[in-house]
Amino acid sequence: VFGPADMILVPPRHYCVVKNPVVKKDGKVVVNSNNQQVELQYGEEEIRLEGPPFPLYPGEQMPVGPSPLRIVPPQSALRLIALRDHDDNGVKRVAGDEWQFRGPATYTPRVEAKVVDTITAQVVQPGRALRLQAKQELSDASGAVRKAGEEWLHRKAGAYLPGVFEVVVETVEPLTLTDKKAIHIRALRTFTDEFEKQRRAGEEWLLTIDDCETHIPDVHEEIVNPALPLIVLTRKQYCVVLNAWDESGKQQMGRKELRRGEQSFFLKPGEELENGKINDVLVLSDDEALLLKANEPFDDEQGVKRTPGDRWTIVGPCEYVPPIEVQVLNRYRSIPLDENEGIYVRNIKTGRIEMVVGQTYLLKPDEELWEKPLPDVVERLLMQPSGTILRDGPEHAGGARVTKRDKTRVVTFRAPHNTAVQVYDYKEKSSRVTWGPGLVMLGPDEQFTCLSLSGGTPKEPNLIKTISLRLGPDFMTDVVVVETSDHARLSIQLSYNWYFAVQANPEGASKIFQVPDFVGDTCKSMASRVRGAVAGATFDDFHKHSTTIIHAAVFGKDSTGAVNKIRQFAENNLVITNVDIQSVEPVDQRTRDALSYSVQQAIEITTKSQEANARHEAERQAQEAQGKLERQRLKDQVEAEKEKQSLLQLQAESSAVQSMGQAKAEARARAEAAQIEYEAELKQAELRVQAKKIQDQWELQQVKDKQEAEISHQKAINELQVTMAKQMADIETDRFKNQVSAIGAETIQAMAQAGPELQAKLLQGLGLKSVLITDGTSPVNLFNTANGLIGAQPGGQVGAAGVLEQ
């Protein structure tokens, strides 16, 4: 069926695996079955090494050809696992057992064992270690018994081949210690360290360069800080160590220890610096001091016994290191103050507040700086040099804004020139006034008097905030709406000149602050007087005598009827010296349009008259120039003729020399005739110029008279129309008044009530309480009719609201 096939030859140091091998008797003779077939071991495998060639019997299989034997090098091993129970060179192996086959050697495979892995030795460098873990209970290389899961370190330098049940977790690197670095260690469990010192679980300690140069952390050690820094204190430094260790090497919780340089140290476990920092020695100059407070009883450097709560100061120049029993509350300097500067100082024991001015002051142990509160509006006012701000606008531009004030400094304000500032002392219940220019300094219980003044045009209340009151002379402007007796409403803009009549005594000085809003009160008072005065005058009278009426209303009149020069208010000594009428405008648009039209017509008439006069003057000057030109031309012709006559005369005389008699006479006659002719023409030209001039003057006078007559006529017509309108209004008013007075108020009332009363009496006579009469064509509201029918009037009268006459 098969064949022929080559026999299998296994070379030296090789092997092969045969599946389903034949059964051999005594390992040599092949066993045949009854049917002369070889018996096979199905599912089994056989390892065959070098030897004579052999055939594969029917049923045997060799998946892979001969393979070389595995050589295990030095410092390595094969990890084997038993697949079935067997005897391994006198060692009884049970299925599942694991062991190592270490080199150097040649491994001959067996069907009872399987190679799981190749293990290579780990090289441990000097100063390093291997961290090992036991998979099950075993004995390590040193013979120590290890429990399952236990970890340990292998510190011996050189190659290390882990056992079959050992696992290399990691290679542990050493930690290097220096003069400036230490290691903070915590024990995870109780053990004995490499220095043969027993450590308890949770115990912490330090390793420094004095203990060792390098350290390999044990498996039972936790490195809290691998590089704990060295604390170095100079001669000018100190620190406070909390929870310090005592001389016996034990930590004392809550214990404080003061350490001052020069020195260096490591913080031991649990120790920490107060506030986490190194402090500088407090070096005080001659103007500095420290405010101290004792937290515990002790004796200070001067031998003074201090009790808890004591406060005292140390004044420089000196160096100071506060003991642990002392708390430094504050470090402050002496405050140099000019004669115009000051501070508020409060005694914390008595609560008394004082103002220190004009000296260099160092606070005492029981004193502190006090912040003086001021209202927000006063704070804003003090930021302005003028002390004035507007309500709805930016601060008064009286100068550059200053920075926010120090509330412990004495509040100062430089009163501007010609102003007054009032300060009220709430403790003494008195006030004082400072005149500008001057400096105001507030005491601890004093406050500025803040004024709220009206502003704008027309005046609005509380528009201006100020602490400095101007004394004047100054002016204020207001708009007043008045109505004349003939109901013409006018808007008048008035400007009042004013000043304060200041008195030297304190009562007179504080009197100017009696009226908080003197601007608004003055404008209201003046506006009331002006409205009353204008209400008694007509529009024409007010238009002609507005200045007299307003001045009389503002200043009043004396016993002789003359207008006073000033008006003084006794409440605050405010004096009004003058009133200026800046503008008068009608409020009613129709009146304003009529007045504007009348003024426009007058301007137009005047303009046209001036244009006509200019035109006629130009024509007259042109005609005069033309006449002068014509006259000059005629004069030139006369002169020319005279010269010609002289020429002819000379010619005649020359001819006369030649010819005498008739020629000379004819020449003279012709010359005289020409002279007479030209003189006549010159006379006629002069007469024509005079006639033209007379005619132009007459025409110009005629046009001028005509225009003046037109202007007078138009003006008379306007005045007649105004007079007629006023007279018609007066007539209509008088007619109505006469009718009312003639008829009488009682008669009018009776006439108004006659109709309803007659209807009520008629219904009473008919014995009806209510009636409704209609022609049937007009709709009737029956709801309102029912109300009329039901609602009877008191006294038996029936309401006539529901009666409709046909």
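Refer to the structure printed above.
Residues numbered from 1 in each chain as written. Predicted model: local features only at pLDDT ≥ 70, side-chain atom pairs only at ≥ 80, totals over all residues. Heavy atoms only, no water.

Trainee: A description of the overall build of the protein chain should follow, citing residues and the corresponding values.
Mentor: For the protein chain, the helix and strand inventory stands at nine helices and 55 strands. Relative to the 2.2 N^0.38 estimate, which gives 28 Å for 806 residues, the radius of gyration of the protein chain is 68 Å and therefore markedly larger than a compact globule would have. Within the span of the protein chain, comprising 806 residues, buried residues form 30% of the whole. By sequence separation, contacts in the protein chain at least 24 residues apart represent 62% of the contacts at least 6 residues apart. Charge-centre separation for the protein chain: the mean point of 97 positive side chains lies 1 Å from the mean point of 115 negative side chains. (Helix = DSSP H or I, 4+ residues; strand = E, 2+ residues; numbered from the N terminus. Rg over C-alpha atoms; globule rule 2.2 N^0.38 Å. Buried < 20%, exposed > 50% of the residue type's maximum accessible area, 1.4 Å probe, protein only. Contact = heavy atoms within 4.5 Å. Lys, Arg positive; Asp, Glu negative; His and termini not counted. Charge placed at Lys NZ, Arg CZ, Asp CG, Glu CD.)

Trainee: Describe in detail the side chain of R199, supporting the description with residues and values.
Mentor: Take R199: it is sitting in strand β23 (residues 198-199). Reaching out from R199, the side chain makes a polar contact with the side chain of D193 at a distance of 3.2 Å. Not counting chain neighbours up to four residues away, the residues in contact with R199 comprise A187, R189, T190, F191, D193 and W205. (Polar contact = N/O pair within 3.5 Å; in protein donor to acceptor, adjacent residues only side chain to side chain.)

Trainee: Describe the nonpolar core, naming the residues involved and giving the relevant values.
Mentor: Counting 38 residues, the largest nonpolar core has L494, Y496, F500, F518, I550, V554 and I576 as the members making the most contacts within it. If one sorts the elements of this core by residue count, helix α3 (residues 518-535) sits on top with seven residues. Look past the residues within four positions of L494 in its chain and what remains in contact with it is M476, T477, D478, V480, V530, I550, V579, D580 and I581. Counting residues in each nonpolar core, the second largest holds 18 residues, with W370, L382, F413 and L442 among its members. (Core = buried A, V, L, I, M, F, W, Y, C linked by side-chain atoms within 4.5 Å.)

Trainee: Account for the sheet that holds strand β24 (residues 204-207), naming residues and giving values.
Mentor: Read from one edge of the open sheet, three strands run β24-β21-β26, paired in antiparallel fashion. Of all strands in the sheet, those bounded by a partner on one side alone are β24 and β26 (221-229). Pairwise comparison of adjacent strand axes, ignoring direction, gives a mean angle of 25° for this sheet. Bridge analysis of strand β21 (residues 181-187) against β24 gives four bridges, and the strand direction is antiparallel. (Pairing = 2+ DSSP bridges. Axes fitted to C-alpha atoms, helices over the stretch in contact; angles between N-to-C directions.)

Trainee: I'd like a rundown of the environment of Y424, residues and numbers included.
Mentor: Looking at the element boundaries, Y424 is found in strand β45 (residues 419-425). Considering only alpha carbons, one finds Y424 and F448, 24 residues apart in sequence, at a separation of 6.4 Å. Contact partners of Y424, with chain neighbours within four places excluded, come to K429, S430, S431, D445, E446 and Q447.

Trainee: I'd like a description of the packing of aromatic side chains, backed by residues and values.
Mentor: Within the structure shown, the criterion is met by eight aromatic pairs. Aromatic pair Y344 and W370: ring centres 5.7 Å apart, planes at 90°, arrangement edge-to-face. Note that Y344 is positioned in strand β40 (residues 342-347) and W370 in the loop between β42 (367-369) and α1 (376-382), a separation of 26 residues in sequence. Through pairs of rings, three or more aromatic residues link up here, namely W498, F500 and F518. Here the basic side chain of R259 rests over the ring of F265, its NZ or CZ set 4.4 Å away from the ring centre. (Phe/Tyr/Trp six-rings, centres within 6.5 Å; stacked < 30°, edge-to-face > 60°. Lys NZ or Arg CZ within 6 Å of the ring centre and 35° of its normal.)

Trainee: Describe in detail helix α5 (residues 546-555), supporting the description with residues and values.
Mentor: Residues that lie three or four places apart on an α-helix share one face, since the helix turns once every 3.6 residues. Burial runs high along α5: eight of the 10 residues are buried. Within α5 the residues assigned to the buried category are S546, I549, I550, H551, A552, A553, V554 and F555. Against the buried residues of α5 lie β53 (489-500), α3, α4 (539-544), β54 (567-569) and β55 (574-586). Just downstream of α5, G556 is the residue with a positive phi angle, here 75°.

Trainee: If you had to explain the packing of α3 against α5 to someone new, which residues and values would you point to?
Mentor: For the pair α3 and α5, the least separation of the axes is 8 Å and the interaxial angle reads 135°. Our classification of the angle between α3 and α5 gives oblique. Handedness of the crossing formed by α3 with α5: right-handed. Here M526, R529, V530, A533 and V534 of α3 come into contact with α5, specifically with I549, I550, A553 and V554. Across the contact of α3 with α5, the residue classes break down as eight nonpolar, no polar and one charged. (Parallel < 35°, antiparallel > 145°, perpendicular 65-115°, else oblique. Left-handed = near helix turned anticlockwise from the far one by under 90°. Nonpolar A, V, L, I, M, F, W, Y, C, P; charged D, E, K, R; others polar.)

Trainee: Mind laying out the pairing of strand β46 (residues 430-435), listing which residues take part and the relevant values?
Mentor: With six bridges joining them, β45 and β46 adopt antiparallel strand pairing. Among the inter-strand pairings, V421 is bridged to a residue of β46, identified as T434. What sits between the antiparallel neighbours β45 and β46 is a turn of four residues, in which K429 has the positive phi angle 55°.

Trainee: So what's going on with the sheet that holds strand β17 (residues 151-154)? Which residues, and what values?
Mentor: In space, the three strands of this open sheet follow the order β17-β14-β19, with antiparallel pairing throughout. The strands lining the two open edges of the sheet, one partner per strand, are β17 and β19 (166-172). Pairwise comparison of adjacent strand axes, ignoring direction, gives a mean angle of 30° for this sheet. Examined bridge by bridge, strand β14 (residues 129-134) and β19 share six bridges and lie antiparallel to one another. Residue Q133 lies in a different strand from β19, and its bridge partner there is V167.

Trainee: Can you tell me about the pairing of strand β49 (residues 451-455), naming the residues and giving the values?
Mentor: Side-chain positions along a regular strand alternate between the two faces of the sheet. Counted residue by residue, β49 has five buried out of five residues, so it is predominantly covered. Taking every second residue as pointing to the same face, both faces of β49 are buried, with L451, L453 and G455 on one and S452 and S454 on the other. Here β49 folds back onto strand β50 (residues 460-466) in antiparallel fashion, the turn holding four residues, of which G456 has a positive phi close to 85°.

Trainee: Account for the environment of Y320, with residues named and values stated.
Mentor: Here Y320 is to be found in strand β38 (residues 318-320). Exposure remark for Y320: the relative accessible area of 7% places this residue in the buried category. C-alpha separation for the pair Y320 and S334, spaced 14 residues apart in sequence, amounts to 18 Å.

Trainee: If you had to explain the side chain of E288 to someone new, which residues and values would you point to?
Mentor: In this fold, E288 is placed in strand β34 (residues 288-294). For E288, a relative accessible area of 8% puts it in the buried group. Within the local environment of E288, its side chain forms a polar contact with the backbone nitrogen of S285, the two atoms lying 3.1 Å apart. Within the structure, the side chain of E288 is placed 3.2 Å from the side chain of R331, a separation counted as a polar contact. In this structure, E288 is in contact with V283, I314, V315, G316, R331, Y332 and R333, ignoring residues within four places of it in sequence.

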